[in-house]
Amino acid sequence: MGIFSALLGNAGAVDQESLMNDYGKLLIEGESIELGFKLIRDTFIFTSKRLILIEKQGITGSKIEYKSIVYKSISRFSIETAGTFDLEAELKIWVSSEVNPSIVKQFNKSVNVYDVQNILAFHVLK
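Below is a summary of the structure that appears in this document. (Residues numbered from 1 in each chain as written. Predicted model: local features only at pLDDT ≥ 70, side-chain atom pairs only at ≥ 80, totals over all residues. Heavy atoms only, no water.)

**Side note on the overall build of the protein**
Then step 1. Helices and strands together make up the secondary structure of the protein, namely three helices and eight strands.
Then step 2. Along the protein, helices and strands appear, N-terminal first, in the series α-β-α-β-β-β-β-β-β-β-α.
Then step 3. Among the 126 residues that make up the protein, the fraction classed as buried is 37%.
Then step 4. Residue pairs at least 24 apart in sequence account for 38% of intrachain contacts in the protein once pairs closer than 6 positions are excluded.
Then step 5. Accessible area for the protein stands at about 7400 Å²; split by element, carbon and sulfur atoms hold 53% of it. (Helix = DSSP H or I, 4+ residues; strand = E, 2+ residues; numbered from the N terminus. Buried < 20%, exposed > 50% of the residue type's maximum accessible area, 1.4 Å probe, protein only. Contact = heavy atoms within 4.5 Å. Areas by Shrake-Rupley, 256 points an atom, 1.4 Å probe, with all protein chains shown as cover.)

Set out below in structure tokens:
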């Protein structure tokens, strides 16, 4: 992930080994990491059972919030691909029956947003 994309808040893919080392303790037996992305200080991970959002808080980032969203609570989602002059693709996720999206994430062009859509569709449409 380039520094320019990171400064804009765009997410870049993170390898599974790195995610396992950092966040493996959050997983339950039989759960595995399928895909993960990192923003400047935040990370979000698609596992075989749920979506985990890791948000570092405060100046030092020592306080961390871990949000767990089971796929069955996702009512809908959308992706918007990057255009010619647009630097990022966007993912929106609605949880339960909320009117506005609960989660909005932007990806740099290095991320194949169709892979993100595919993993969400796989789990949400079960």
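**Examining the sheet that holds strand E4 (residues 50–57)**
Then step 1. Across the sheet, which stays open at both edges, the five strands sit in the order E1-E2-E3-E4-E5 with antiparallel pairing between neighbours. At either end of the open sheet lies a strand with only one pairing partner, and these are strand E1 (12–13) and strand E5 (63–70).
Then step 2. Across eight bridges, E4 lies against E5 in antiparallel orientation. When the bridges of E5 are listed, isoleucine 54 appears paired with tyrosine 66.
Then step 3. The strands touched by helix H2 (residues 16–23) within the sheet are strand E2 (33–38), strand E3 (43–47), E4 and E5, with E2 carrying the most contacts at an inclination of about 85°.
Then step 4. Those strands touched by helix H3 (residues 113–124) are E2 and E3, and its axis lies near 135° from that of E2. (Pairing = 2+ DSSP bridges. Axes fitted to C-alpha atoms, helices over the stretch in contact; angles between N-to-C directions.)

**Some points on the pattern of salt bridges**
Then step 1. Under the defined criterion, the tally for this structure stands at three salt bridges.
Then step 2. Two residues, lysine 92 and glutamate 90, come together in a salt bridge whose shortest N-O distance is 3.7 Å.
Then step 3. The exposure class of lysine 92 is partly exposed, given its relative accessible area of 27%.
Then step 4. A relative accessible area of 17% means that glutamate 90 is categorised as buried. (Salt bridge = Lys/Arg side-chain N within 4 Å of Asp/Glu carboxyl O.)

**Considering the environment of serine 62**
Then step 1. Among the secondary structure elements, serine 62 is positioned in the loop between E4 and E5.
Then step 2. Engagement of the side chain of serine 62 in a polar contact is seen with the side chain of threonine 60, the distance being 3.0 Å. (Polar contact = N/O pair within 3.5 Å; in protein donor to acceptor, adjacent residues only side chain to side chain.)

**Overview of the environment of valine 111**
Then step 1. In this fold, valine 111 is placed in the loop between strand E8 (103–108) and H3.
Then step 2. In this structure the C-alpha to C-alpha distance between valine 111 and phenylalanine 37, which are 74 residues apart in sequence, comes to 9.0 Å.

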